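Coordinates in review
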Amino acid sequence: MIPYGRQSVDEGDIEAVVDVLRSAFLTQGQTVPAFERAVAERCEAAEGVAVSSGTAALHLACMALDIGPGDVVWTSPLTFVASANCALYCGADIDFVDIEATTGNLCPQRLAVKLESAADQGRLPKAIILVHYAGRPADRGTIAALADEYGVALIEDAAHALGAIDLLGPVGDGRTARFTTFSFHPVKIVTTGEGGLLTTNDPAIAARLRRLRSHGVEREPSALKVSKPGDWYYEQHELGFNYRMTDIQAALGLSQLSRLAAFVERRRELAERYREKLHKLPVGLPPADSDSRSAWHLYVIQVRERARVFSALREQGIGVQVHYMPVHLHPYYQQRFSFREGDFPVAERFYEQAISLPLYPDLSDEEQDLVVNTLERLL
Ligand SMILES: *Cc1c(COP(=O)(O)O)cnc(C)c1O
């Protein structure tokens, strides 16, 4: 089976992990800070805070904005459930803003309309979580300006978009969002097994995120409530979690990061090959790169008769997937918030026709040709 996505781990990656296994620190050593600095530098952000998953990163971003009961958070319906769940962890409510049919990203015009009416009703969200769907930068400049105008905080969920860039700069640079979150799950752009990271340009907030990822415990002498009576001493200042990344994971991440440019380049090349080979078929294709350059996490085509084409591809050994069933259609969200089919029609239509074709750096041209030929026969 050719999967829709998978990690690329080479000998250098393996050696980096083994080196940490032979060292004194498997966690809370120097490799995590080195990985944090390397990602922050790559994103042109001041700070990086590594955590145990992309979901943990989103949860801490919401906590650091003091999102809680009575607040509302908005995100895109066309995303992985984690982009919405993080608000619920904090006791907040969730709502969605429909997408653009072309890119799958949150639609700035719909956002403007929804913000205006929410302001009229005194029900503005506390934060917007902007997802860079499939690795293509959303219109973060316009959306950040809107969020600013209404005093709403912006979090960017860049789980798909490490290595993506637009006219403002690299995704994660903190020019538009208070926090940008990344995921290092094996299907994402670079992997640490499980893992996540937040970038921010605010050192005070980064310090709070580091405290929250480790139980809310403060060890920095200048931040303690009393003067430190001895080296054993620390204080818990708020309720945090154990959301730490290990040094084993960070070593893999650091080694993977040195391959990031090559990963994104190969993904882009494969995306261009798909475009050349599929553009004459009766399928909708994702727009090519223009002013912004996607990290090409996913290659999502639109087909009629999705169910038939999907199962036929699977039967032929092509491990396609669907990204995503809109979050508001999940039973949990329908029961808890009474969302209904029809609430976000553009995302629903996108979902009904979507198929993610295999796309990952180690996918060979021959394997890709097999995907293309199989698809051609089925249509
Ligand atoms: C993968 C993903 C997450 C969650 O990341 P994990 O590391 O799996 O917790 C969040 N948002 C989006 C859009 C994702 O694709």
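Up top is the structure.
Everything in this summary refers to the structure shown in the same document. The model shown is predicted, which means the values in this text are computed figures rather than measured ones.

Remarks on the overall build of the chain
- Of the regular secondary structure elements, the chain holds 13 helices and 13 strands.
- Taking 2.2 N^0.38 as the reference for a compact globule, 379 residues should give roughly 21 Å; the C-alpha atoms of the chain span a radius of gyration of 21 Å, in line with that estimate.
- When the backbone C-alpha atoms are referred to their principal axes, the chain occupies close to 75 × 60 × 40 Å.
- When each of the 379 residues of the chain is scored for burial, the buried share is 57%.
- Taking as baseline every contact in the chain between residues at least 6 positions apart, the subset at least 24 positions apart corresponds to 73%.
- Working note: accessible area of the chain is about 16,200 Å², and carbon and sulfur atoms make up 50% of it.
- Here the chain holds 38 positive side-chain charges and 50 negative ones, and the gap between their average locations is 2 Å.

Some details on helix 13 (residues 365-378)
- With 14 residues, helix 13 ought to run about 20 Å at 1.5 Å a step, and its terminal C-alpha atoms sit 20 Å apart, in line with that.
- If you check which residues of helix 13 are buried, you get Gln368, Val371, Val372, Thr374, Leu375 and Leu378. One face of helix 13 carries all of its buried residues, which in axial projection span an arc of 165 degrees. Of the residues in helix 13, the exposed ones pointing more than 90 degrees away from the buried face are Glu366 and Arg377.
- Tucked inside the fold, the buried residues of helix 13 contact helix 9 (260-278), strand 12 (299-302), helix 10 (306-315) and strand 13 (354-357).

Some thoughts on the environment of Glu376
- Secondary-structure assignment places Glu376 in helix 13.
- On the basis of relative accessible area, Glu376 is assigned to the partly exposed category, the value being 40%.
- Remark: the alpha-carbon pair of Glu376 and Glu265, spanning 111 residues in sequence, is separated by 26 Å.

Notes on the pattern of salt bridges
- For the coordinates displayed, the defined rule picks out 24 salt bridges.
- A salt bridge links Arg210 to Glu36; the nearest nitrogen and oxygen atoms lie 3.4 Å apart. Taken together, the residues Arg210 in helix 7 (residues 203-212) and Glu36 in helix 2 (residues 31-43) connect sequence positions 174 residues apart.

Points about the sheet that holds strand 1 (residues 47-51)
- If you trace the seven strands from one edge of the open sheet to the other, you get 1-9-8-5-4-2-3, paired in mixed fashion. The open sheet has two edge strands, strand 1 and strand 3 (93-96), and neither has a second partner. Between one strand axis and the next, the sheet turns through 20 degrees on average, direction left out of account.
- Strands strand 1, strand 8 (179-183) and strand 9 (196-200) of the sheet are contacted by helix 2, whose axis makes an angle of about 130 degrees with strand 1.

About the cut-offs
Residues numbered from 1 in each chain as written. Predicted model: local features only at pLDDT ≥ 70, side-chain atom pairs only at ≥ 80, totals over all residues. Heavy atoms only, no water. Helix = DSSP H or I, 4+ residues; strand = E, 2+ residues; numbered from the N terminus. Rg over C-alpha atoms; globule rule 2.2 N^0.38 Å. Buried < 20%, exposed > 50% of the residue type's maximum accessible area, 1.4 Å probe, protein only. Contact = heavy atoms within 4.5 Å. Areas by Shrake-Rupley, 256 points an atom, 1.4 Å probe, with all protein chains shown as cover. Lys, Arg positive; Asp, Glu negative; His and termini not counted. Charge placed at Lys NZ, Arg CZ, Asp CG, Glu CD. Expected span 1.5 Å × (residues − 1). Arc of directions from axis to C-beta. Salt bridge = Lys/Arg side-chain N within 4 Å of Asp/Glu carboxyl O. Pairing = 2+ DSSP bridges. Axes fitted to C-alpha atoms, helices over the stretch in contact; angles between N-to-C directions.

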